[in-house]
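Commentary on secondary and tertiary structure
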Amino acid sequence: MTNKILRTGKVTGLAAVLALASCTSTTTQQSQQNTTAMEQKKAETNPLLKEWTGPYGGVPAFDKMSLADLKPAMEKGMALNLAEIEAIANNPAPATFENTIEAMERAGEELNRAFTYYGIWSSNVSSPEFRAIQAEMAPKISEFSSKISQNEKLFQRIKTVYDNAQKNPLPADQQRVVQLVYENFAMEGADLSPEAKKRYAEINKELSSLYTAFGNNTLADEENYVTYLTKDQLKGLPESFVKSAAKAAADRGQEGKYAVLNTRSSMDQFLTYSDERALREKVWNTYYSRGDNGDATDNNQNIAKILKLRNERVKLMGYDNYAEWRLQNRMAKNPENAMALMNAVWPAAIARVKEEVADMQKVANATSKTKITIAPWDYRYYAEKVRKQKYDLNSDEVKQYLELGNLTQAMFFTAGELFNFKFTPVEEGKVPVFQEDVKVWEVTDKTTGEHIGLWYLDPFARQGKRSGAWATTYRAHTTFDGKKTVLASNNSNFVKPAPGEPVLVSWDDATTFFHEFGHALHFLSANVKYPTLNSGVRDYTEFQSQLLERWLSTDKVINQFLKHHETGKPMPADLVAKIKKAATFNQGFETTEYLASAIMDMKLHLADPNGLDPDKFERETLAAMKMPKEVVMRHRTPHFGHVFSGEGYATGYYGYLWADVLTSDASEAFEEAPGGFYDKEVAAKLVKYLFAPRNSMDPAEAYRLFRGRDAKIDALMRDRGFPVPSESSKK
Ligand SMILES: [Zn+2]
């Protein structure tokens, strides 16, 4: 996933994430405020607001981060930004692109810097102290955002520029910025009556606190519900897991024990390998009960409140439901299109689960001492046994060839082939980092040597770091105000090895590593002029990253980089063949666990929220969908952070599948080309139409330019080993 906390498209991005309040200041007050603000700007002393200095066009001062500066920085950053916005809104000159839209694109520099640090504290180095500040700041940020998106004078100026541009179109990129900015404001209720605007802002303020609470509850359950094992409970577990579990226990003051952390990677490994069925059930229950324990960190109340408030907010603007409002500027356009795609895939997915369960039951019958029926906590365990039996593929053997350093080099190689990028390590100490494990590389053009940006990598799991993997930017590419180069970052949760030990990762984790790097390449390859054009379209922005995953299994990568960590020998051809053969393995499970969450996300937001009981709704919806009892949603509602700890993925979780239709289809474009995945001509088109333009072009149009037609669902069904529908449905 991408992490774009309030950072897409400056002010409009802020408006898009949060929302709207009346601004009653007069012009005189404003210009006074503005003068003061400008003076403050010059004399800025707060390290979190200061202009980034140092090499590469300036870099964040991650070595100067002190929580004591955060609140004042955020408050001052918001005040400065508001003063800039007021100056734009109250400009006596007639509204033009330059004095309104371009001025808005320029505004909020200090706040953007403060948000970069805020994002680091929130995702990479969180602490109870930070969370207290976050809880206090969330409603204030919401209020701030509302002041901008509900600024009547500002909106009228935007509307004037927009209306004029309809009559006399501007250059293409300016026209696109105007359209996106105008639509964002309109979507955030800029056209509402003063009363409705007031309520709109109240709702958003309340929502922002609920999102924070939801996220913090989930994190608290991940940190606090740890399962400790004794030495006699380790049967079946790989040595690497045991080692890191021992360290994790020691880190938590439980020397001599073994900690199964309540995170996806820890749970996933334990359920795959542990021979102890009762413990598997316990770990499974602990993980899938996050936010649902009926204790102080239970999220059910939060969900009910969030759904109600979201519904009320979009009704103020005349929409039937949240999904309809949200999808209007997505590639899918409306919930019906998104549901149609999910419904087209769902029957094949659950039919495949039946086959998978039957295969697993056979293994269980033959190997288990007692008679068992496959339960959800058995799925990963017996799937692994079937995998070995059917494909003779041993995940642990595969891991020996997936060493983190080699994988990193493999990604750089891929970037070199497709994007002509070169990655060079930045010497330690030259660029500040927020944690000693973070490493930085300089990205340049292979041919011209031109500096393109920096790439930061924060690889390891630790306390206070959120789970999963994500990509983000500290600075995006723009040229409208002098060229700014990209600062992109990737973040993972690989288990940090004991000193001197290699980091060996699973095939899935290696795939995710490539995925997040795809986001980074999307940031780094941008050639847009204005910040707003860097914004992502939710159901499109996962496409570029998903597509990049495909290079992991190309021959060139395998032969050069997937080398045994001890012998240095490349992965043998028969193991590669087995991996490829097993690619469609367990697709029933994977597609079903994902789709169940995606469909739930959509249905929760299409339903009448009055009196909605999240637990009951989840149960009944799954029953109506004929959800196989052996599979659980990938993210159950009480910890579905994509959807409830913010709005980024709300009614947007389907986007991964939507993007995957494009991914499979685009991937076939490479397969069909003479040079395969390294075909220069297709690669050039890929960069030109699908990466570099970001949001400066309509995604559907960009895709047609790349492929010569719209994407079809067929390639996706083939990739997952599902039957291809007889009449190929277009999307
Ligand atoms: Zn992603």
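Residues numbered from 1 in each chain as written. Predicted model: local features only at pLDDT ≥ 70, side-chain atom pairs only at ≥ 80, totals over all residues. Heavy atoms only, no water.

Here we look at the overall build of the protein
Scanning the protein from terminus to terminus reveals 29 helices and seven strands. Against the globule reference of 27 Å for 731 residues, the protein gives a C-alpha radius of gyration of 25 Å, in line with a compact fold. Dimensions of the protein, computed from the C-alpha atoms along their principal axes, are close to 85 × 60 × 60 Å. In the protein, which comprises 731 residues, the share counted as buried stands at 60%. Working note: accessible area of the protein is about 28700 Å², and carbon and sulfur atoms make up 51% of it. (Helix = DSSP H or I, 4+ residues; strand = E, 2+ residues; numbered from the N terminus. Rg over C-alpha atoms; globule rule 2.2 N^0.38 Å. Buried < 20%, exposed > 50% of the residue type's maximum accessible area, 1.4 Å probe, protein only. Areas by Shrake-Rupley, 256 points an atom, 1.4 Å probe, with all protein chains shown as cover.)

Focus on the UniProt feature "domain: Oligopeptidase A N-terminal" (unreviewed entry) in the protein
Per the UniProt annotation, the sites labelled "domain: Oligopeptidase A N-terminal" (unreviewed entry) are residues 90–196. End C-alpha to end C-alpha, residues 90–196 measures 23 Å, and it is 77% helix and 0% strand. (UniProt positions renumbered as here; feature names shortened; annotations may be inferred.)

Considerations on the pattern of salt bridges
Any two side chains of opposite charge can pair, so long as their charged atoms come close to each other. If you walk through the whole model with that rule in mind, you get 47 salt bridges. Here R277 and D378 are joined by a salt bridge, their closest N and O atoms 2.6 Å apart. A residue pair is termed long-range when its members are at least 10 positions apart, and R277 in helix α12 (residues 277–288) and D378 in the loop between α15 (335–367) and α16 (379–391) qualify at 101 residues. Since its relative accessible area comes to 30%, R277 is described here as partly exposed. Residues joined by salt bridges that share partners form a network here, namely K71, E75, E136 and K140. (Salt bridge = Lys/Arg side-chain N within 4 Å of Asp/Glu carboxyl O.)

Describing helix α13 (residues 300–316)
Given a rise of 1.5 Å per residue, 17 residues ought to cover 24 Å, and the 25 Å separating the end C-alpha atoms of α13 matches this to within 8%. Packing partners of the buried residues in α13 comprise α9 (194–224), α14 (322–327), α23 (587–606), α24 (614–624) and α25 (641–644). Positive phi appears at G318, one or two residues downstream of α13, with a value of about 90°. (Expected span 1.5 Å × (residues − 1). Contact = heavy atoms within 4.5 Å.)

Quick word on the packing of aromatic side chains
Given two aromatic rings, one states the distance between the centres and the angle between the planes to describe the pair. A full pass over the atoms with the stated rule returns 46 aromatic pairs. Summarising the aromatic geometry, the rings of F115 and Y118 are spaced 5.7 Å apart at their centres and angled 80° between planes, so their arrangement reads as edge-to-face. With F115 and Y118 both in helix α5 (residues 109–123) and three residues apart, the pair spans about one turn of that helix. Judged by relative accessible area, which is 6%, Y118 ranks as buried. Ring plane angle 70° and centroid distance 5.3 Å describe the contact between Y653 and Y656, whose orientation is recorded as edge-to-face. Across the pair, Y656 and Y653 agree in class, each one buried. In this structure, R466 packs its charged tip against the face of W470, placed 4.1 Å from the ring centre. (Phe/Tyr/Trp six-rings, centres within 6.5 Å; stacked < 30°, edge-to-face > 60°. Lys NZ or Arg CZ within 6 Å of the ring centre and 35° of its normal.)

Focus on the pairing of strand β6 (residues 470–475)
A large share of β6 lies buried, amounting to six of its six residues. Looking at chain direction, β6 and strand β7 (residues 486–494) are connected through five bridges and run antiparallel. Looking at β7, one finds that W470 is bridged to N491. (Pairing = 2+ DSSP bridges.)

Digging into the pairing of β7
With nine of its nine residues buried, β7 lies for the most part within the structure. Relative to β7, strand β5 (residues 451–460) runs parallel, the two being bridged by seven bridges. Paired with Y456 across the bridge in β7 is S489.

Quick look at the sheet that holds strand β3 (residues 421–425)
If you trace the five strands from one edge of the open sheet to the other, you get β3-β4-β5-β7-β6, paired in mixed fashion. Each of the sheet's edge strands pairs with one partner strand only, and the pair in question is β3 and β6. Going across the sheet, the axis of each strand differs from the next one's by a mean of 25°, ignoring polarity. In terms of strand pairing, β3 meets strand β4 (residues 439–445) through five bridges, oriented antiparallel. Paired with P425 across the strands is W441, a residue of β4. Where helix α19 (residues 507–524) meets the sheet, its contacts fall on β3, β4, β5, β6 and β7, and the angle it forms with β7 comes to roughly 170°. (Axes fitted to C-alpha atoms, helices over the stretch in contact; angles between N-to-C directions.)

Quick notes on the confidence of the model for the protein
Looking at the protein, the pLDDT average stands at 92 and 93% of residues meet or exceed 70. Here residues 3–34 scores under 50 on pLDDT; set against residues more than four positions off or in separate chains, the count is 93 contacts. (pLDDT = per-residue confidence, 0-100.)

Thoughts on the environment of A573
Relative to the elements of secondary structure, A573 occurs in helix α22 (residues 573–581). On the basis of relative accessible area, A573 is assigned to the exposed category, the value being 62%. Along the sequence, A573 and N559 sit 14 residues apart, while their C-alpha atoms lie 9.2 Å from each other.

Structural notes on the nonpolar core
Ranked by internal contacts, the top residues of the largest apolar core, which has 147 residues, are F423, W455, F517 and F706. Here this core takes 14 residues from α15, the largest share from any one element. Apart from residues lying up to four places away in sequence, W455 is in contact with T408, M411, F412, F423, K439, V440, W441, V443, A488, N490, F517 and A520. (Core = buried A, V, L, I, M, F, W, Y, C linked by side-chain atoms within 4.5 Å.)

Side note on unusual backbone geometry
Its identity as a non-glycine residue notwithstanding, Y56 has a phi of 60°, on the positive side. Within the secondary structure, Y56 is located in the loop between α2 (27–42) and α3 (67–89). A positive phi angle, near 50°, is found at T651, a position not held by glycine.

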